[in-house]
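Architecture at a glance
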Amino acid sequence: MKDPDHLIKVEKAIQEKYGDQAIQNPTTTWDQEKEKQYLEQIKKLAKIEKPKEKIEVEGVLMPKKLFRKESKRTCPKCKIYSFSLKDDLYMAKFRCCYECYLRLEYTRK
């Protein structure tokens, strides 16, 4: 059976460790002036923060900040966007994705 006074004991332990203010209800010290200051701070933060722009990639919205201006993830041959590390290597070396590289190699032979 649980101790019915467990909550009271925990509250007293918190009070001893952190002081009376730690167990106070926050609304006891909140007034209209503090509310007004708080709302003004929120408005300032909302003006500072830029809305997060999203880019659609194959039906999925992704944050714009993930993309550099010069994206090397889109294959210039097939125009497919890839997250594959293998494609990164082939894009850097052969300027196309792995699949396009294979197609080009097979057509050369």
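The rules behind these values
Residues numbered from 1 in each chain as written. Predicted model: local features only at pLDDT ≥ 70, side-chain atom pairs only at ≥ 80, totals over all residues. Heavy atoms only, no water. Helix = DSSP H or I, 4+ residues; strand = E, 2+ residues; numbered from the N terminus. Buried < 20%, exposed > 50% of the residue type's maximum accessible area, 1.4 Å probe, protein only. Contact = heavy atoms within 4.5 Å. Areas by Shrake-Rupley, 256 points an atom, 1.4 Å probe, with all protein chains shown as cover.

1. Here's the deal with the overall build of the protein
A tally of helices and strands in the protein yields four helices and two strands. Reading the helices (α) and strands (β) of the protein from amino to carboxyl end gives α-α-β-β-α-α. By the burial criterion, 12% of the 109 residues in the protein qualify as buried. Of the contacts made within the protein by residues no fewer than 6 positions apart, 5% connect residues no fewer than 24 positions apart. For the protein, the exposed surface amounts to about 10600 Å²; the carbon and sulfur share of it is 55%.

2. Observations concerning unusual backbone geometry
We note that lysine 79 has phi near 65°; this positive angle belongs to a residue other than glycine. Looking at where lysine 79 falls in the secondary structure, it is placed in the loop between strand S2 (60–63) and helix H3 (85–94). Looking at lysine 79, the relative accessible area reads 61%, which means it is exposed. Although it is not a glycine, arginine 95 sits at a positive phi angle of roughly 60°. Along the chain, arginine 95 falls in the loop between H3 and helix H4 (98–108). A residue is classified by how much of its surface remains accessible, and arginine 95, at 63% relative accessible area, is exposed.

Shape descriptors only; they carry no functional weight alone.
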